[in-house]
Structure formats: structure tokens, C-alpha cells
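Here is how the chains run, residue by residue.
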Amino acid sequence: MRQLKILLLGGTGEASALAGLLANDPRFAPMLSLAGRTKTPVLPAIPCRIGGFGGAAGLAQYLRDQAIESLVVATHPFAAQIRRNAVDAARATGTPLLLIERPAWERQAGDRWTEVPDMEQAAAALGPAPRRVLLTIGRKDLAPFVAAPWHDYVIRSVDAPPPEFLPPHARIITARGPFTLEDDRRLLRDARIEWIVTKNSGGAATHAKLAAARELRLPVIMVARPPWPDVSGLQAARVSDAEGALAWLAACHDAASSAKRGV
Ligand code: NAP
């Protein structure tokens, strides 16, 4: 059977779910790509490569060298650089592009959210009075909080941030979701958290902190997602989950098979 060659840019639950759906499906020859940021990544049941490509030009070269027929971007909504690179490489090579965009979290009744466009404004929104703050923003974006050292921070991330990137009063919790409502209620109470700062990552795995904050009437500073790059003029589609991606890839496979048979 003809196999569709797919490059899947991952690092998310959606990418892992899609890898699971593609594994052992004879219609597809997928390769998962991970940046190599986490020390113990969850490896999939499909072939996997780890590490950067060398910018958009390097990614375009990989697409050509490997004769990739579909580029699937299932990276985190806040991983903006790799998305730009993917769009540029798809444009340079004419590779069809599929974007998996998990829905953003929406404010619900009882939520006390302040929405801000970036991490600098998130740190500023904490204000001048010392607070006990839970940061669930990953390891890379701590600089604005280092510049606001009068707060006490609890930082939850998959791997510990390097000590030189930490604010002075910081306690680190290394943990990988999914988290339950009970876990997060206990964390907020035990650590006497007064404010939460989070990215609007969306998805179920890290949503419980928002429900716990609602219960405890805690304010949340919600950092908005960076916008998608412009895909106009590209053969591009957008879906919200792995099942939608599988349906799109199946249609690509069928179209490529029909073209080969000349039907
Ligand atoms: P980024 O700033 O958008 O990307 C920086 C560079 O990392 C890219 O230019 C690329 O290097 C390399 N890269 C990123 N994703 C890659 C992938 N899937 N395969 C190969 N190379 C990749 O990304 P980031 O924010 O550092 O995130 C890195 C990874 O962690 C992503 O795969 C993302 O899905 C995952 N992640 C990110 C977040 C977040 O909040 N940012 C949260 C959870 C998971 P080259 O230019 O050399 O190709």
C-alpha cells in the first residue's frame, strides 16, 4: 500500500495522541520530531527524531530530503518560533500543512481572571504589594518575575528551571500533568497561594488549577496566546484535536493514492 510520509512536530498531548493513532496504520509513514527540552520525554510508538532543524531553512531542507508529503504542527500554542518556521518551510517547499490548535480556555462564571498579552504584563499585574504566587508558565519565561523579587513564588514545571533563572524567593515543584482538582486544591491551600499566573495553554491536563482557583475565589493572571502566523496562499488546514488530524491525513492519503493510480 502507498504510504503518506508525514512529519509531526510535537511536544504536546495532541502530538502523542496523533502518534498513537498513526502507529501501525499501514497508510502512513510518520516521523515525530521533538525539540529535546524535557529530560525524560514521553516517547511514542512511531519513529522519533530529537533536536532542532536549524531554523526554517533547515526544516525546509529536511522536508525535501525526506520527501515529506504532509507537515503536521502539533506544537504547544506558546511555541511561536517553531510555528513560524513550519509555515515558512511549508511555503518554501509547497508542503501541505496541518495545524492542530487546541481550544483556548474560556472564562466561566465565578472566574477572577485578568487577561494580559505577555509575561512582562503578567508580572506587572501582580502589583507592588508582596504576594504568594503560583507560576505555571514553564521554565523559559521567568525573567519578568526575577525583576519582581518582592513576591514569594511557587513554580510548577516539568523540569526544574536552572537556578540562575529563578527569582530569589522561589519554591520549585517538578510535576507533569494531568493534575486533578484535588491535587490543585491541595496545592493552592497548602502553599497559601494568593495569585496564579498561567499561559492560556488550553486542554484538560492542566485545567484543574482554574477550577480550584474558582472554588477558592483566587485571582488568575491569564497570558494570551501568540497569534498564528499568516497561512494565506498555502495548502493549509486547522483542526482542534488528533482525531481531526487523522481524518485530514486520511483524505491526503486517499488523494495521493488516487493520483498515483491516475483516477
Ligand atoms: P519555540 O521557541 O517555538 O522553538 C525554538 C526552537 O526549538 C525552534 O526554532 C526549533 O529549533 C526547536 N524546536 C521547537 N519545537 C521543535 C520540534 N517539535 N522539533 C524540533 N525542533 C523544535 O519552542 P519552545 O517554546 O522552546 O518549545 C519547545 C518544545 O516544547 C515544542 O516542541 C513545544 O511543543 C514544547 N512545549 C512548549 C511549551 C511552551 O509553553 N512554549 C509548553 C509545552 C511544550 P530550530 O530552529 O533549530 O529548528
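No experiment lies behind these values; they were computed from the predicted model shown.

Draft legend 1. Up close: the domain arrangement of the protein chain. For the protein chain, the assigned domains read domain 1 (4-103 + 227-261) and domain 2 (113-223). Relative placement of domain 1 and domain 2: their C-alpha centres are 30 Å apart. Of the roughly 810 Å² buried between domain 1 and domain 2 on both sides combined, carbon and sulfur atoms contribute 48%. Counting across the domain 1 and domain 2 interface gives zero salt bridges. Considered class by class, the residues forming the side of domain 1 that touches domain 2 number five nonpolar, three polar and three charged.

Draft legend 2. Spatial organisation of unusual backbone geometry. A cis amide bond, omega 5 degrees, links Gly177 with the succeeding residue Pro178. With respect to the helices, strands and loops of the structure, Pro178 is situated in the loop between β9 (170-174) and α6 (181-190). For Asn24, which is not a glycine, the phi torsion comes out positive at approximately 65 degrees. Residue placement: Asn24 occurs in the loop between α1 (13-22) and β2 (28-34). Residue class for Asn24 comes out exposed when judged on its relative accessible area of 79%.

Draft legend 3. Spotlight on the packing of α6 against helix α7 (residues 208-216). Contact geometry for α6 and α7: axes closest at 8 Å, N-to-C directions at 55 degrees. What the angle tells us is that α6 and α7 run oblique. Crossing handedness for the pair α6 and α7: right-handed. Across the interface between the two elements, Leu181, Asp184, Arg185, Leu188 and Arg189 of α6 pack against Ala208, Lys209, Ala211, Ala212, Ala213, Glu215 and Leu216 of α7. A breakdown of the residues in the contact of α6 with α7 according to their chemical character gives seven nonpolar, no polar and five charged.

Draft legend 4. Just the pairing of strand β5 (residues 97-100), in detail. Burial of β5 is two-sided: the residues Leu97 and Leu99 facing one way and the residues Leu98 and Ile100 facing the other way are all buried. For the crossover from strand β4 (residues 70-73) across helix α3 (residues 80-93) to β5, the handedness is right-handed. Relative to strand β12 (residues 236-239), β5 runs parallel, the two being bridged by four bridges. Considered in β12, the bridge of Leu98 is made with Ala237.

Draft legend 5. Representation of the site of the ligand. Lining the immediate environment of the ligand, one finds 22 residues, of which Gly10, Ser33, Phe53, Ile82 and Lys199 sit closest. In this structure, Ser33 approaches the ligand through a side-chain N or O atom, which is 2.7 Å from a nitrogen atom. Note that an oxygen atom of the ligand is positioned 2.6 Å from one of the side-chain N or O atoms of Lys199. Its free accessible area being 820 Å², the ligand has 79% of it covered by the protein chains. Going through the elements one at a time, β2 and α3 are the ones with two or more residues in the shell around the ligand. For the shell around the ligand, the leading source of residues is α3, giving four residues. Looking at the shell around the ligand residue by residue, the classes come out as seven nonpolar, eleven polar and four charged.

Draft legend 6. Seen up close, the pattern of salt bridges. Applying the stated rule across the entire model yields eleven salt bridges. When salt bridges that share partners are traced, they join Arg83, Glu101 and Arg225 into one network.

Draft legend 7. Structural view of the environment of Gly202. In this fold, Gly202 is placed in the loop between β10 (195-199) and α7. Considered as a pair, Gly202 and Ala104 are 98 residues apart in the sequence and their alpha carbons are 4.4 Å apart. Gly202 has contacts with Arg102, Pro103, Ala104, Trp105 and Arg225, leaving out every residue within four places of it along the chain.

Draft legend 8. Quick look at the sheet that holds β2. Here we have six strands laid out as an open sheet, ordered β3-β2-β1-β4-β5-β12, and parallel in their pairing. The sheet terminates laterally at β3 (48-50) and β12, the two strands that pair on one side only. On average, each strand axis in the sheet is tilted by 20 degrees relative to the strand beside it, whichever way the strands run. Two elements, strand β1 (residues 4-9) and β2, share six bridges in a ladder whose sense is parallel. In the strand pairing of β2, Leu8 is matched with Leu32. The strands touched by α3 within the sheet are β1, β4 and β5, with β5 carrying the most contacts at an inclination of about 160 degrees. Seen against the sheet, helix α8 (residues 242-261) touches β1, β2, β4, β5 and β12 and runs at an angle of roughly 150 degrees to β1.

About the criteria used
- Residues numbered from 1 in each chain as written.
- Predicted model: local features only at pLDDT ≥ 70, side-chain atom pairs only at ≥ 80, totals over all residues.
- Heavy atoms only, no water.
- Domains from an automatic or database assignment.
- Buried area = accessible area lost by both parts, 1.4 Å probe.
- Salt bridge = Lys/Arg side-chain N within 4 Å of Asp/Glu carboxyl O.
- Nonpolar A, V, L, I, M, F, W, Y, C, P; charged D, E, K, R; others polar.
- Helix = DSSP H or I, 4+ residues; strand = E, 2+ residues; numbered from the N terminus.
- Buried < 20%, exposed > 50% of the residue type's maximum accessible area, 1.4 Å probe, protein only.
- Axes fitted to C-alpha atoms, helices over the stretch in contact; angles between N-to-C directions.
- Parallel < 35°, antiparallel > 145°, perpendicular 65-115°, else oblique.
- Left-handed = near helix turned anticlockwise from the far one by under 90°.
- Contact = heavy atoms within 4.5 Å.
- Right-handed = clockwise from strand over helix to strand, strands pointing away.
- Pairing = 2+ DSSP bridges.
- Near = heavy atom within 4 Å.
- Polar contact = N/O pair within 3.5 Å; in protein donor to acceptor, adjacent residues only side chain to side chain.
- Areas by Shrake-Rupley, 256 points an atom, 1.4 Å probe, with all protein chains shown as cover.

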